[in-house]
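Summary of the model geometry
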Amino acid sequence: MSEADELALSFYLPLVLILAVIDITVGAYWSLEGKHSKKLAAVNLLVNMSWTCTLFPLLLDKDLFSRSLEAIYEGTRREVHPFSEPGLFWCSLLLVTLLLIVNTVDVHQCFKSADQPASDD
């Protein structure tokens, strides 16, 4: 792994950890409340946008992504068939698409939950 890759990972790793802690905190607060408020839904939207902005460059950086896979499989990209050049492209594209779908559904559900009136049980 080159120094540029290590520098990129040293930037991404703390950012991913901070976002994970914030996401877990928002989820814990939501589970205590039992219902999303408009403010909590807006915070969830900002967290999801942050995840998207953080993971897109990480997933779409072919060199960083392929070198990480090379380190895992201790070989070159050409030796690992699904992670050859076209396979790597489609794998990255699939992960980005899934990330967009999951974040969109999550934000939609948060705002939908915030719009519903509180039920008295």
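Let me begin by describing the structure that accompanies this report. Predicted model, so just to flag it, every value in this text is computed and none were measured.

Secondary structure summary: the protein chain contains four helices and zero strands in total. Secondary structure elements in the protein chain, listed N-terminal to C-terminal, are α-α-α-α. For the protein chain, with 121 residues in total, the buried portion stands at 27%. A separation of at least 24 residues holds for 72% of the contacts in the protein chain among residues at least 6 apart in sequence. Total accessible area on the protein chain is roughly 8400 Å²; 68% of this is exposed by carbon and sulfur atoms.

Before going further, it helps to examine helix α2 (residues 38–60). For α2, built from 23 residues, the straight-helix expectation of 33 Å at 1.5 Å per residue is met to within 8% by its first-to-last C-alpha distance of 33 Å. Taken as a whole, α2 has its buried residues at Leu-40, Ala-41, Asn-44, Val-47, Asn-48, Trp-51, Thr-52, Thr-54, Leu-55, Leu-58 and Leu-59.

What follows deals with the environment of Leu-93. Among the structural elements, Leu-93 can be located in helix α4 (residues 85–115). Using a relative accessible area of 33% as the deciding quantity, one classes Leu-93 as partly exposed. In this structure the C-alpha to C-alpha distance between Leu-93 and Leu-59, which are 34 residues apart in sequence, comes to 8.3 Å.

To continue, consider the nonpolar core. One finds Tyr-12, Leu-19, Val-47, Trp-51, Leu-55, Leu-58, Leu-59, Val-96 and Leu-99 forming the largest nonpolar core, which totals nine residues. Taken together, the elements giving at least two residues each to this core come down to α1 (3–33), α2 and α4. Among the elements that line this core, the one with the most residues is α2, at five residues.

So, how was this worked out
Residues numbered from 1 in each chain as written. Predicted model: local features only at pLDDT ≥ 70, side-chain atom pairs only at ≥ 80, totals over all residues. Heavy atoms only, no water. Helix = DSSP H or I, 4+ residues; strand = E, 2+ residues; numbered from the N terminus. Buried < 20%, exposed > 50% of the residue type's maximum accessible area, 1.4 Å probe, protein only. Contact = heavy atoms within 4.5 Å. Areas by Shrake-Rupley, 256 points an atom, 1.4 Å probe, with all protein chains shown as cover. Expected span 1.5 Å × (residues − 1). Core = buried A, V, L, I, M, F, W, Y, C linked by side-chain atoms within 4.5 Å.

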